[in-house]
Amino acid sequence: MSGHFPSHSFQPLNCGRFVSRGRGSHPERVIDSHEFIFLLSGHLELFEEERAFSLNAGDYLILRKGRRHGPMAPYARGLSFFWIHFQGDSGDLEALPQTGHATRPERLAFYCQSLLLEQHEPQMDPVSFQLLLELALREARRFHAPQKAGALSPTPLAEAAEHMVRLRYAEALTPSAISHELHCNQEYLGRVYRLHFGESIAAAINRRRVEVAARLLTSEGLSVKEIMNRVGFQDPAYFRRKFRQRYGVSPKDYRRFLNTGHRNTE
């Protein structure tokens, strides 16, 4: 990422996870701190001064201190988001666009939850608390990183394969099935894909499935088995192994971690 991003100048104050029961709305107010909001599920509509924001799962928003903000619609059932109040020079936030969609929402959720848990430690470490905020803000900014100079643009064939991985991961998708549908040699497609995306097609399919599973685990509406089936895994042991390789814990422990700590409702 290019440019100076002095996130170390920001000081977290408090944080939490909001879960809506389908009542009430966000308060209309002016506060003396910034507020970072990251949506885990549902839809949220807010305004700040004269600007309106419409957020869906995976989106973040920074509300600036000293500016009036409030709701544009009531809370809907199923809405859930992390919120972090923090202090810092408003000018330093210019390096981070006010709103965007996280490239790795499961990673951003992990940092937000870690921040929440650190806040409730009996002997909370202020340095760790600040560093976790920095990680969360840097993860949000990852979406806006410019493409590296000299990077190769994906070929139409590689893009077509990536499109299938991104949208059809839950199907019985394999490198062989993709190459057959794209009418090309499987070995050649694998080389082209790895050249542009830095991993094999099989690894990309598993990564996509695991990332979507991590996102679904932030909601309590589905069991781990239902999530496994929904993202395209058939073997529970294989699903657990691939999930642990990426996140270091089992799917069940990952959900338990995200659901630990302070939560507020309307």
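Details of the structure are given in the entry above.
Residues numbered from 1 in each chain as written. Predicted model: local features only at pLDDT ≥ 70, side-chain atom pairs only at ≥ 80, totals over all residues. Heavy atoms only, no water.

1. Looking at the packing of aromatic side chains
Under the counting rule described, the total for this entry stands at 13 aromatic pairs. Where Y193 meets F197, the ring centres are 4.8 Å apart and the plane angle is 40°; that geometry is what we call tilted. In this pair, Y193 and F197 are both assigned in helix α5 (residues 186-197), four residues apart and thus about one turn of the helix distant. Looking at F197, the relative accessible area reads 30%, which means it is partly exposed. Taking the ring centre of F233 as reference, the NZ or CZ of R209 above it sits at 5.7 Å. (Phe/Tyr/Trp six-rings, centres within 6.5 Å; stacked < 30°, edge-to-face > 60°. Helix = DSSP H or I, 4+ residues; strand = E, 2+ residues; numbered from the N terminus. Buried < 20%, exposed > 50% of the residue type's maximum accessible area, 1.4 Å probe, protein only. Lys NZ or Arg CZ within 6 Å of the ring centre and 35° of its normal.)

2. Concerning the nonpolar core
In terms of nonpolar packing, the biggest core is built from 25 residues, with F36, F38 and L108 touching the most fellow members. Those elements giving two or more residues to this core turn out to be β2 (34-41), β5 (59-63), β7 (80-87), α1 (105-119) and α2 (126-141). When near neighbours in sequence (up to four residues on either side) are disregarded, L108 contacts F36, F38, A102, A136, E139 and A140. Counting residues in each nonpolar core, the second largest holds 16 residues, with A214, I227, M228 and F233 among its members. (Core = buried A, V, L, I, M, F, W, Y, C linked by side-chain atoms within 4.5 Å. Contact = heavy atoms within 4.5 Å.)

3. Comments concerning the pattern of salt bridges
Evaluation of the coordinates by the stated rule reveals 13 salt bridges. Across the pair R67 and E48 runs a salt bridge whose closest N-O atoms are separated by 3.0 Å. Taken together, the residues R67 in the loop between β5 and β6 (69-71) and E48 in strand β3 (residues 43-48) connect sequence positions 19 residues apart. For E134, the salt bridge goes to R138, with nearest N and O atoms at 3.0 Å. With a gap of four residues between them, E134 and R138 both fall in helix α2, about one helical turn apart. Relative accessible area serves as the criterion here: at 31%, R138 is assigned to the partly exposed category. (Salt bridge = Lys/Arg side-chain N within 4 Å of Asp/Glu carboxyl O.)

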